[in-house]
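Inside the fold
Each chain is listed here by its residues.
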Amino acid sequence: MSYYIKPVDKLGWPAVYRVVQKLRDFKPENGIEYMVFPSKKAMKTAFFIDLYCGKNGKLVKLKDRSMMRF
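Worth saying up front: this structure is predicted, and the values here are computed from it rather than measured.

Attention shifts here to the sheet that holds strand β1 (residues 3-7). An order of β2-β1-β3-β4-β5 is seen for the five strands of this open sheet, with the pairing classed as antiparallel. Only two strands of the sheet have a single partner each, and these edge strands are β2 (18-20) and β5 (58-68). Sheet twist, expressed as the average angle between the axes of neighbouring strands with direction ignored, equals 35°. Sheet topology note: the β1/β2 ladder contains three bridges and is antiparallel. Of the residues in β2, the one forming a bridge with isoleucine 5 is arginine 18.

Now the structure itself:
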């Protein structure tokens, strides 16, 4: 399984995703929010997007926020 990760603050820019095998392989910047998709299919079909935040070099899922696209 591969994860597709993109910073949230670049919504208007062309989408450049970083692909990693495990979430712990990705080293985020502290305080930056990221959109994380568990697969390429989910990237195209998911209505709800999980948001993660970088804290102490790890991704932490934001339980109080997510994005919805339509």
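Next, the rest of the story.
The next subject is the pattern of salt bridges. When their charged atoms lie close together, side chains carrying opposite charge are able to pair. Following the criterion strictly, the structure yields two salt bridges and no others. In this structure, the salt-bridge partner of arginine 65 is glutamate 33, at a minimum N-O distance of 2.7 Å. One end of the pair, arginine 65, is in strand β5; the other, glutamate 33, is in strand β3 (residues 33-37), and 32 residues separate them in sequence.

Another aspect to go through is the environment of aspartate 25. Along the chain, aspartate 25 turns up in the loop between β2 and β3. Expressed as a C-alpha distance, the spacing of aspartate 25 and valine 8, which sit 17 residues apart in the sequence, is 19 Å. Leave out the neighbours within four places in its chain, and aspartate 25 touches Arg18 and Val20.

Below, the discussion takes up the pairing of β1. As paired strands, β1 and β3 are joined by four bridges and run antiparallel to one another. If you follow lysine 6 over to β3, its bridge partner there is methionine 35.

Glancing now at unusual backbone geometry. With the exception of glycine, most residues fall at negative phi, and the peptide bonds are largely trans. Positive phi is not limited to glycine here, since asparagine 56 has a value of about 55°. Tracing the backbone shows asparagine 56 in the loop between β4 (48-55) and β5. Judged by relative accessible area, asparagine 56 falls into the exposed class, the value being 72%.

How each quantity is defined
Residues numbered from 1 in each chain as written. Predicted model: local features only at pLDDT ≥ 70, side-chain atom pairs only at ≥ 80, totals over all residues. Heavy atoms only, no water. Pairing = 2+ DSSP bridges. Helix = DSSP H or I, 4+ residues; strand = E, 2+ residues; numbered from the N terminus. Axes fitted to C-alpha atoms, helices over the stretch in contact; angles between N-to-C directions. Salt bridge = Lys/Arg side-chain N within 4 Å of Asp/Glu carboxyl O. Contact = heavy atoms within 4.5 Å. Buried < 20%, exposed > 50% of the residue type's maximum accessible area, 1.4 Å probe, protein only.

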